[in-house]
Amino acid sequence: MKISKPGRIILDPTARADEKDDAATYIAEFEGEKALAPLIQASLNPKENDIPVLSDYGSAIAELWVKKGIFDLKTYLSLPGDTKGGVFDVLDYKKPAWVKKYGFYEEGFEPFPD
């Protein structure tokens with residue numbers, strides 16, 4: 001699958017934080033599901049440690065899930081905490097029913113334990 005220019009920016013270890021932020025925002029607004037892979041891949045990169053960038057990736061992931069009408073719990077649980085925070089913020093605002101359905105609480109962004 002061909003990766004879009006914003007997707008390549010997100011995966012570029014030399015890209016500046018503001019470039020990555022802009023790319024994540026663009027993806028969330030204008031690109032479809034194909035853009036999820038670079039966002040998830042970049043979020044899982046242990047060398048990516050810029051907290052605002054990771055949160056932006058999470059927001060973009062959540063925006064794409066909301067547009068598609070799906071929530072991928074398995075992927076969500078694999079994301080680092082800062083990315084989960086971005087996902088949670090969008091879902092809490094745009095899909096509170098999902099937050100309730102999956103029993104998420106803000107602290108830790110994880111489902112309530114059984």
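Rules of the game
- Residues numbered from 1 in each chain as written.
- Predicted model: local features only at pLDDT ≥ 70, side-chain atom pairs only at ≥ 80, totals over all residues.
- Heavy atoms only, no water.
- Salt bridge = Lys/Arg side-chain N within 4 Å of Asp/Glu carboxyl O.
- Buried < 20%, exposed > 50% of the residue type's maximum accessible area, 1.4 Å probe, protein only.
- Helix = DSSP H or I, 4+ residues; strand = E, 2+ residues; numbered from the N terminus.
- Axes fitted to C-alpha atoms, helices over the stretch in contact; angles between N-to-C directions.
- Parallel < 35°, antiparallel > 145°, perpendicular 65-115°, else oblique.
- Left-handed = near helix turned anticlockwise from the far one by under 90°.
- Contact = heavy atoms within 4.5 Å.
- Nonpolar A, V, L, I, M, F, W, Y, C, P; charged D, E, K, R; others polar.
- Phe/Tyr/Trp six-rings, centres within 6.5 Å; stacked < 30°, edge-to-face > 60°.
- Lys NZ or Arg CZ within 6 Å of the ring centre and 35° of its normal.

## Considerations on the pattern of salt bridges
- Applying the stated criterion across every chain yields a total of four salt bridges.
- With a shortest N-O distance of 2.9 Å, Asp18 and Arg16 are connected by a salt bridge.
- Taking the relative accessible area as the measure of exposure, Arg16 reaches 47% and is therefore partly exposed.
- Here Lys20 and Glu48 are joined by a salt bridge, their closest N and O atoms 2.7 Å apart. Of this pair, Lys20 sits in helix α2 (residues 17-30) while Glu48 sits in the loop between α3 (36-44) and α4 (51-68), and the two are 28 residues apart along the sequence.
- Taking the relative accessible area as the measure of exposure, Lys20 reaches 8% and is therefore buried.

## A closer look at the packing of α4 against helix α6 (residues 81-94)
- At a minimum axis distance of 6 Å, the contact between α4 and α6 shows a crossing angle of 40 degrees. In terms of orientation, α4 lies oblique with respect to α6. The hand of the α4/α6 crossing is right-handed. Of the residues in α6, those touching α4 at Ile51, Leu54, Ser55, Tyr57, Gly58, Ser59, Ile61, Ala62, Glu63, Trp65 and Val66 are Asp82, Thr83, Gly86, Val87, Val90, Leu91 and Lys94.
- Per-class residue counts for the contact of α4 with α6 are ten nonpolar, five polar and three charged.

## Quick word on the packing of aromatic side chains
- Counted under the stated rule, the structure contains four aromatic pairs.
- Centre to centre, the rings of Phe71 and Trp98 are 6.1 Å apart; their planes meet at 45 degrees, and the pair counts as tilted. Taken together, the residues span a long stretch of sequence, with Phe71 in the loop between α4 and α5 (73-78) and Trp98 in helix α7 (residues 96-101) at a distance of 27 residues.
- Clustering of aromatic rings is evident, with ring pairs tying together Trp65, Phe71, Tyr76, Trp98 and Tyr102.
- Between Lys84 and the ring centre of Tyr76, over which it is positioned, the NZ or CZ distance is 5.8 Å.

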